[in-house]
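Structural overview for review
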Amino acid sequence: MDNKQLAQSVLNIIGPENISDTYNCMTRLRLRVTSGAVRKDDLKKIPGVKGVIINGDEVQIVLGPGKAESVAKECKTLLAGKNISSAAGNPSAETGALNQREKDSPNAVSAGSGKTNSKNINPNLGSSTTDRSKNFGDGKELHDKIKKKNSQSPFKRLLQRVGHIFIPLIPAFIGCGLLTGIVTLLLKINPELAANPLLQYLKLAGGSIFTVLNAFIGFYACKEFGGTPALGGAMAALLTAPGLADITLFGSPLVPGRGGVFASLLAGAVTALVETRIRKRIPDSFSLFLTPLITLTIVSLTSIFIFQPLGGLLSDFLGYYTVHSIQQGGAVTGFVIGGIFLPVVMAGVHHGLTPIHADMLASMGMTILLPIAAMAGCGQVGASFAVYLKTKNRELKRTVLSSLPVGVMGIGEPLIYGVTLPLGKPFIGACIGGAFGGAWQAYQGIGSYALGISGIPLAAATNNALLYLGGVFIAYAAGFAATWLIGFDDPPEETDQA
């Protein structure tokens, strides 16, 4: 199934009219739905779908790196009406209509067929009549229990929005971080290259994201909260303007960049809130001029007196205690963070760490938290390899073998939802592996110049690639050993029913 067919199949199941927004992160197609229950099991049957997570009004479909972006583009094209197939004479569209009827009546009978449509009514979902709901690849029951209780809580929705703000910035963090890591490695090998103009330029390019980081954060924060993105970007950029240093208020000079990432988030979000409320109260004929003028005036004054000081306190507090706890706690702190990070991801609150990573990158030049957190995925690789060697189930072996390469590259969803979570005990083994790897990274003080990558590729963006890789293999070994010793209930082979 190519990207267009996959996108069409997703839209057929969810319904184009039920989708309000389409976007993607590194590995997932993300759809914001407006109403109605999403049939998770049908989505999982689409070839190429590695997992489905429903978090409030957001449907996350795990497709893998590269694939997620391509399918998201096809979905946007289809939703724009350029290639949406009509119901008349189109199998996919007819399938969508049948799926809707099945949703209304699960035991509906196809006209003239005399057969129920309980299985495989979408031809794009494959021809197999075997019930795949029990197959490996979802971890459905345990995952749903973890997310059900507070998936709609205001705190969870806030963290989701924070994630949406930073997702578009991740490719820039990755590219700049890797480039910085490579330049740093070259300078360690040959310090004389520091005088080379080309290397100086590449080093500047590696830090380019931080030149405009605050403006981007304000831009996407304002967009996420329903405002005009450019207004949010302008307000966030104001907080880093060099000219602030020339202004003295109440006997103290203003500080460019104070509050960093957190002040920019506040400025962008409040810009949207102020703008939307003002626009409702101003006649349309004057709105084009007065709405941005009043919004910028209010938010610019608020930013200097509230957002900068508040963001500064928040940045200092989180930055200090994060760095202090890792430096003072050393291996113990790393053990705890590495061990609990997979459950944190499963609970969906890991988005809250993204601003901390970004703020550390902007203020310190690297984040010492990311290498520790990355060990959770490495522990999972070791745990999954133990499963591969121990299991007698051929389908499970195939699942592990197909997911291990992307797991090594830092993409953990296929192993989480396909192997460790459904089996239970290997998930614990993965956490133990992550704990030992995290302890090593914290003890060695490894930092990352990038954000958004993990596994082996992260080595190129760290301050010491060899020591980082040492932690990776410790996590592999510990995850493997823990899973081997704990064991698991090997699922029996399923037989096809005639």
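Keep in mind the model is a prediction, meaning the values are calculated, not measured.

1. A closer look at the packing of aromatic side chains
Throughout the structure, instances matching the rule amount to 10 aromatic pairs. Centre to centre, the rings of Phe-219 and Tyr-220 are 5.2 Å apart; their planes meet at 80 degrees, and the pair counts as edge-to-face. If you follow Arg-161 out to its NZ or CZ, it ends over the ring of Phe-225, 4.7 Å from the centre. Positioned over the ring face of Tyr-388 is Lys-397, at 4.5 Å from the centre of the ring.

2. A word on the confidence of the model for the chain
Chain-level statistics for the chain give a pLDDT mean of 82 and a share of 84% at 70 or above. Confidence, read as mean pLDDT per element, is least for helix α4 (residues 91-104) in the chain (42) and greatest for helix α20 (residues 465-486) (96). Confidence drops under pLDDT 50 across residues 146-151; counting only partners more than four residues distant or on other chains, this segment forms 13 contacts.

3. So, the sheet that holds strand β4 (residues 58-62)
Overall, antiparallel pairing links the 4 strands, which are arranged β1-β2-β4-β3 in an open sheet. Edge positions in the sheet fall to β1 (19-24) and β3 (51-55), since each of these pairs with one other strand and no more. Averaged over all adjacent pairs, the angle separating strand axes in this sheet is 20 degrees, with direction ignored. Judged from the 5 bridges that link them, strand β2 (residues 28-33) and β4 form a sheet pairing that is antiparallel.

4. A short note on the pairing of β2
The buried fraction of β2 is high, at 6 of 6 residues. Of the two faces of β2, the one holding Arg-28, Arg-30 and Arg-32 and the one holding Leu-29, Leu-31 and Val-33 are both buried throughout. Examined bridge by bridge, β1 and β2 share 5 bridges and lie antiparallel to one another. Among the inter-strand pairings, Tyr-23 is bridged to a residue of β2, identified as Arg-30. Linking two consecutive strands that pair antiparallel, namely β1 and β2, is a turn of 3 residues.

5. Points about the nonpolar core
Formed by 25 residues in total, the largest nonpolar core has its most connected members in Met-375, Val-387, Leu-458 and Tyr-468. When contributions to this core are tallied by element, the ones reaching two or more residues are α7 (170-189), α16 (370-390), α17 (394-408), α18 (413-423) and α20. Among the elements that make up this core, the one with the highest residue count is α16 (6 residues). Counting residues in each nonpolar core, the second largest holds 23 residues, with Ala-7, Val-10, Leu-63 and Ala-68 among its members.

6. Structural notes on the environment of Ala-263
Tracing the backbone shows Ala-263 in helix α12 (residues 260-281). Separated by 52 residues in sequence, Ala-263 and Ser-315 place their C-alpha atoms 8.7 Å apart.

7. Description of the side chain of Asp-359
Checked against the element boundaries, Asp-359 lands in helix α15 (residues 354-364). Buried and unpaired, Asp-359 has no salt bridge, with Arg-258 as the nearest side chain of opposite charge at 11 Å. With residues up to four places along the chain from it excluded, the contact list for Asp-359 reads Gly-260, Val-261, Phe-262 and Ser-315.

8. As for the packing of helix α1 (residues 3-14) against helix α3 (residues 67-79)
The N-to-C vectors of α1 and α3 enclose an angle of 60 degrees; their axes lie 8 Å apart at closest approach. Between α1 and α3 lies a crossing of right-handed hand. Packed against α1, whose contacting residues are Asn-3, Lys-4, Leu-6, Ala-7, Gln-8 and Leu-11, the element α3 presents Lys-67, Ser-70, Val-71, Glu-74, Cys-75, Leu-78 and Leu-79 at the interface. Here the contact of α1 with α3 is composed, by residue class, of 7 nonpolar, 3 polar and 3 charged.

9. Structural notes on α7
The end-to-end C-alpha distance of α7 is 28 Å, a good match for the 28 Å that 20 residues give at a rise of 1.5 Å each. Those residues of α7 that fall on the buried side of the exposure criterion are Ile-170, Phe-173, Ile-174, Cys-176, Gly-177, Thr-180, Gly-181, Val-183 and Thr-184. Of the surrounding elements, those touching the buried residues of α7 are α6 (154-166), α8 (197-206), α9 (208-211), α10 (213-224) and α15.

10. Thoughts on a nonpolar patch on the surface
There is a patch of nonpolar side chains on the surface, built from Ile-247, Leu-249, Phe-250, Leu-301, Phe-305, Ile-306 and Leu-310 and spanning about 700 Å² of accessible area. In this structure, Phe-250 sits in the loop between β5 (248-249) and β6 (252-253). On the basis of relative accessible area, Phe-250 is assigned to the exposed category, the value being 74%.

11. Some details on helix α13 (residues 284-329)
Along its 46 residues, α13 runs just 58 Å from first to last C-alpha, ending more than 12% under the 68 Å computed at 1.5 Å per residue. A maximum bend of about 55 degrees is found in α13 at Ser-303. Positive backbone phi, at 55 degrees, marks Gly-330, one or two positions downstream of α13.

12. Topic: the pattern of salt bridges
In total, this model carries 7 salt bridges according to the counting rule given. Ionic pairing is found between Lys-45 and Asp-42, a salt bridge with its closest N-O pair at 3.9 Å. Pair check on accessibility: Lys-45 and Asp-42 agree, each one buried.

13. Let's talk about the packing of α13 against α15
At a closest axis distance of 10 Å, the pairing of α13 and α15 adopts a crossing angle of 90 degrees. Here α13 lies roughly perpendicular to α15, going by the angle between them. The residues of α15 that touch α13, namely those facing Ser-315, Leu-318, Thr-322 and Val-323, are Ile-356, Asp-359, Met-360 and Met-364. Residues that form the contact of α13 with α15 fall into these classes: 5 nonpolar, 2 polar and 1 charged.

Rules of the game
Residues numbered from 1 in each chain as written. Predicted model: local features only at pLDDT ≥ 70, side-chain atom pairs only at ≥ 80, totals over all residues. Heavy atoms only, no water. Phe/Tyr/Trp six-rings, centres within 6.5 Å; stacked < 30°, edge-to-face > 60°. Lys NZ or Arg CZ within 6 Å of the ring centre and 35° of its normal. pLDDT = per-residue confidence, 0-100. Helix = DSSP H or I, 4+ residues; strand = E, 2+ residues; numbered from the N terminus. Contact = heavy atoms within 4.5 Å. Pairing = 2+ DSSP bridges. Axes fitted to C-alpha atoms, helices over the stretch in contact; angles between N-to-C directions. Buried < 20%, exposed > 50% of the residue type's maximum accessible area, 1.4 Å probe, protein only. Core = buried A, V, L, I, M, F, W, Y, C linked by side-chain atoms within 4.5 Å. Lys, Arg positive; Asp, Glu negative; His and termini not counted. Salt bridge = Lys/Arg side-chain N within 4 Å of Asp/Glu carboxyl O. Left-handed = near helix turned anticlockwise from the far one by under 90°. Nonpolar A, V, L, I, M, F, W, Y, C, P; charged D, E, K, R; others polar. Expected span 1.5 Å × (residues − 1). Patch = residues over 30% accessible without salt bridge, like charges linked within 9 Å, V, L, I, M, F, W, Y side chains within 5 Å. Areas by Shrake-Rupley, 256 points an atom, 1.4 Å probe, with all protein chains shown as cover. Bend = angle between axes of the 7 residues up to and from the residue. Parallel < 35°, antiparallel > 145°, perpendicular 65-115°, else oblique.

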